[in-house]
Amino acid sequence: MNSLKFDTANLICGLLLIATGLFFAYQSFELELGTALRMGPGYFPFILACALILFGAIILIQSMRVDGGPIGALALRGMVFILPAPIFFGLTVRGLGFVPSIFVTALIASFASGRMKPLTALVLSAALTVFSVAVFSYGLGLPFRRFGPWLGY
Amino acid sequence: MDLFNNLALGFATATSLENLFFCLIGVLLGTLIGVLPGIGATATIAMLLPITFQLEPVSSLIMLAGIYYGAQYGGSTTAILINMPGESSSAVTAIDGYQMARKGRAGAALAIAAIGSFFAGTVSTFLVAIFAPPLTQIALQFGAAEYFSLMVVGLVSSIALAHGSIVKALAMVALGLLLGLVGTDIYTGTPRFTLGIREYADGLNFVAVAVGVFGIAEILRNLENEKTRSVLMAKVSELMPSREDFKAMVGPVLRGTAIGSILGILPGGGAILAAFASYTVEKKVSKHPEEFGHGAVAGVAGPESANNAGAQTSFIPLLTLGIPANPVMALMIGAMIIQGIVPGPNVATEQPALFWGIIASMWIGNLMLVILNLPLIGLWVKLLTIPYYVLFPIIMAFCSIGVYSVNSNVYDLYAVAFFGLIGYALLKLRCEPAPLLLGFVLGPLLEENLRRAMILSRGDPTTFVTRPISAALLFLAALVLVIVFLPSVKAKREVVFQEED
């Protein structure tokens, strides 16, 4: 066996699963485990966490045997712009209000693609905002404040 | 004549103007999102789920069912037109459907798929109506031990039907179950794994997890390498299949319906398996097996019927037992719980209008698809030419609004981003997210029933094997697990799933 040859995907996968399992196991240990008859809040999760560690270990071992091919390109730009979009919405929807918040959210997400031109992004976000306010706020009557306290409303 | 009374009640519910309207909206929206390449039924429903929350329970579930069929239909459309199946179950359709389209018979292929689906949908709706009530009777006798064992069967089957490594699928189930346990422990009230964040005391929001793992992850994957999609066909003409086509599709549709109806009931995603099984069968019985892969009518008609029949009958475990057969059904359960309905055998007796209304709306949804979508195909095709970079800001905005509208909890939005990242990582690490979501939904139920069963049996774990139904179910689960680990099956399974990619 050539120890230099790892399947990267499985290696990372195994390590992540073991780490997650350890985290959950540690957390369950701080809860009351109880007995099989009267299981405490930590009993079932502890068993699951141990299972997760076991599966992670098996995958780790497998990573040294089979090569499943490369991971491939990562959507770095996508992650940088897509993932913060809902977070921004969450941070500002109460403070700024629905209208500005959804506009900026759409704008942030727009830049995830290298093909989007700034002007298109602005127009698209504006149109989207008008549509969302009409449908969700007026149409479906969701209880959103259209403009929030940060803007002096 | 109970059946007819019940169906009449169902149709009365489903054909109220309001419900017809929501069914229509659901079907249209489902198709709209479903035709976007790379976005399958699960992601579509996860994204559209929140807009149904403001409705009455019946209307909301009818609309969701409509979205489901619409999304499936949309998936087949992209499979045929651009060889890009929205989800794995329409991957089979892509094999021959795309070849038909290349020969200029895209219209016929789409029509065959629609007609086959409609026939299968009609038959299997009746099957659901016939078999659901007696099964509910059985289910009413289920105790905690039986429920526990049944869920184990569901989880094991989801492993068997997942792509790729079995160990990874097992790990996904364990991870999903753990994530499902986040929140307050029902027996002691202790918060678990909430990292001290009070907003997660009620557990992680199911919609947030589903949107993240299926929706956001899918968007990120599509952003990896942005290529211009080549929409092959300039024009979809001649929708009407020829007389020979009709002749060629009767057998496959009938067989596909039968296969799909049976396999769909299996927990764990029978619809996908059904499409593959049907394709294999058609290839075996065909007089011209060499046509398969080059635009055989049977290769479109059979799998599409099987797929749709399976999609329909997968409602049976959901409606009778409250156990989801696949991630879509898991989403349905989530929706029911949010609407204050506890899924399970009691739904049929306590809320007959809801129960039968959903069943009737399945058929209506299918009918609408045929009537509306065939003429609208031109519109869907145009939609395929919209560049992707315009679509995903829209999707992101709607996802954010949708998730927030469920509970008005901003932490749910953070969870969306987090699970989007997790989902993308899992995709990259070749882990299947479906077992994770199933585990997530079943986690709390599984633990509750395990603990209850142990208390009832005074801590004797043999209760699971001494009660006959429970023992049979566990035996079934063990059998499935043994079978997937058998070397010969393992090899074959890899071949099957490779064909799909």
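Residues numbered from 1 in each chain as written. Chains lettered and ligands numbered in written order. Predicted model: local features only at pLDDT ≥ 70, side-chain atom pairs only at ≥ 80, totals over all residues.

Chemist: So what's going on with the overall build of chain A? Residues and values would help.
Modeler: When helices and strands are tallied, chain A shows six helices and zero strands. The helix and strand sequence of chain A, counted from the amino end, reads α-α-α-α-α-α. Taking 2.2 N^0.38 as the reference for a compact globule, 153 residues should give roughly 15 Å; the C-alpha atoms of chain A span a radius of gyration of 24 Å, well beyond that estimate. Summarising its shape, the C-alpha atoms of chain A cover approximately 60 × 50 × 25 Å along the three principal directions. Residues counted as buried form 39% of the 153 residues belonging to chain A. A fraction of 62% describes how many contacts in chain A between residues 6 or more apart in sequence connect residues 24 or more apart. (Helix = DSSP H or I, 4+ residues; strand = E, 2+ residues; numbered from the N terminus. Rg over C-alpha atoms; globule rule 2.2 N^0.38 Å. Buried ≥ 20, exposed ≤ 12 C-beta atoms within 10 Å, placed from the backbone. Contact = placed C-beta atoms within 7 Å.)

Chemist: Can you explain the overall build of chain B? Please cite residues and give values.
Modeler: For chain B, the helix and strand inventory stands at 22 helices and two strands. Residue pairs at least 24 apart in sequence account for 80% of intrachain contacts in chain B once pairs closer than 6 positions are excluded.

Chemist: Any chance you could break down the nonpolar core for me, citing the residues and the numbers?
Modeler: Note on soluble globular proteins: their nonpolar side chains tend to be buried together. Within the largest apolar cluster, 218 residues are counted, with the highest numbers of intra-cluster contacts made by A:Leu52, B:Ile45 and B:Val211. For this core, the leading source of residues is helix α6 (residues 106–140) of chain B, giving 17 residues. Counting contributing residues, this core receives three or more from each of domain 1 (8–63) and domain 2 (76–151) of chain A. Not counting the four nearest positions on each side in its chain, A:Leu52 is found in contact with A:Leu17, A:Thr20, A:Gly21, A:Phe24, B:Ala171, B:Ala174, B:Leu175 and B:Leu178. (Core = buried A, V, L, I, M, F, W, Y, C linked by C-beta atoms within 7 Å. Domains from an automatic or database assignment.)

Chemist: I'd like a description of helix α2 (residues 17–34) of chain B, backed by residues and values.
Modeler: Residues and elements named next belong to chain B. Compared with the 26 Å implied by 1.5 Å per residue over 18 residues, the 25 Å span of α2 between its first and last C-alpha is a close match. For α2, the complete set of buried residues consists of Asn19, Phe22, Cys23, Gly26, Val27, Leu29, Gly30, Thr31, Ile33 and Gly34. Each element contacted by the buried residues of α2 is listed here: α1 (2–14), α3 (41–48), α4 (57–82) and α16 (352–384). (Expected span 1.5 Å × (residues − 1).)

Chemist: Go over the domain arrangement of chain A, please, and point to the residues and values.
Modeler: Each domain of chain A was delimited in the assignment, giving domain 1 (8–63) and domain 2 (76–151). For domain 1 of chain A and domain 2 of chain A, the distance between their C-alpha centres works out to 38 Å.

Chemist: Could you give an account of the environment of B:Phe276, naming the residues involved and the relevant values?
Modeler: All names here are of chain B. Secondary-structure assignment places Phe276 in helix α11 (residues 270–285). The exposure class of Phe276 is buried, given the 22 C-beta atoms found within 10 Å. Put simply, Phe276 and Glu244 are 32 residues apart on the chain and 24 Å apart in space, counted from C-alpha to C-alpha.

Chemist: I'd love a proper account of the interface of chain A and chain B, names of residues and values included.
Modeler: Taken residue by residue, the interface counts 54 residues in chain A and 54 residues in chain B. Looking at the side of chain A that touches chain B element by element, the count peaks at 10 residues for helix α2 (residues 43–63) of chain A. Looking at the side of chain A that touches chain B, its residues break down into 40 nonpolar, 12 polar and two charged. (Nonpolar A, V, L, I, M, F, W, Y, C, P; charged D, E, K, R; others polar.)

Chemist: An account of α6(B) is requested, with residue identities and associated values reported.
Modeler: All names here are of chain B. The end-to-end C-alpha separation of α6 is 48 Å, in line with the 51 Å expected for 35 residues at 1.5 Å each. Taking the largest bend as the criterion, α6 deviates by roughly 30 degrees, centred on Ala132, and proline Pro133 comes between one and four positions later. α6 sits mainly inside the fold: 25 of its 35 residues count as buried. (Bend = angle between axes of the 7 residues up to and from the residue.)

Chemist: Mind laying out the confidence of the model for chain B, listing which residues take part and the relevant values?
Modeler: When the pLDDT values of chain B are averaged, the result is 80; 90% of them are 70 or greater. Across the assembled chains, the prediction reports ipTM 0.90 with pTM 0.81. (pLDDT = per-residue confidence, 0-100.)

Chemist: Tell me about unusual backbone geometry, and name the residues and values.
Modeler: Phi at B:Arg430 takes a positive value of approximately 60 degrees, unusual for a residue other than glycine. Note on placement: B:Arg430 falls in the loop between α18 (410–428) and α19 (433–456).

Chemist: Explain the packing of α4(B) against α6(B) residue by residue, including any values.
Modeler: Residue and element names in this part refer to chain B. Two elements in contact, α4 and α6, have axes whose closest approach is 10 Å; the angle formed by their N-to-C orientations is 155 degrees. When the axis of α4 is compared with that of α6, the two are roughly antiparallel. Viewed along their axes, α4 and α6 form a crossing whose handedness is right-handed. For the pair α4 and α6, the contacting residues are Tyr73, Ser76, Thr77, Ile80 and Leu81 in the first and Ala106, Ala109, Leu110, Ala113 and Ser117 in the second. The class makeup of the residues in the contact of α4 with α6 is seven nonpolar, three polar and no charged. (Axes fitted to C-alpha atoms, helices over the stretch in contact; angles between N-to-C directions. Parallel < 35°, antiparallel > 145°, perpendicular 65-115°, else oblique. Left-handed = near helix turned anticlockwise from the far one by under 90°.)

Chemist: Pulling in residues and values, what's your account of the packing of helix α1 (residues 8–30) of chain A against α2(A)?
Modeler: All names here are of chain A. Viewed as axis vectors pointing N to C, α1 and α2 meet at an angle of 160 degrees, and their least axial separation amounts to 7 Å. One element, α1, and the other, α2, form an angle in the roughly antiparallel class. For the pair α1 and α2, the crossing hand works out as left-handed. For the contact of α1 with α2, the class distribution of residues is 19 nonpolar, eight polar and no charged.

Chemist: Outline the environment of B:Ala201, supporting the account with residue identities and numerical values.
Modeler: All names here are of chain B. For Ala201, the location among the structural elements is in the loop between β2 (191–192) and α9 (206–224). Given 13 C-beta atoms within 10 Å, Ala201 falls into the partly exposed group. In the structure, Ala201 is positioned 153 residues away from Leu354 in sequence and 30 Å away in space, judged by C-alpha atoms. Residues in contact with Ala201, not counting those within four places in the same chain, are Gly183, Thr184, Pro191 and Thr194.

Chemist: Could you give an account of the environment of B:Ala434, naming the residues involved and the relevant values?
Modeler: By the element assignment, B:Ala434 lies in helix α19. With 398 residues separating them in the primary sequence, B:Ala434 and B:Leu36 have C-alpha atoms 20 Å apart.

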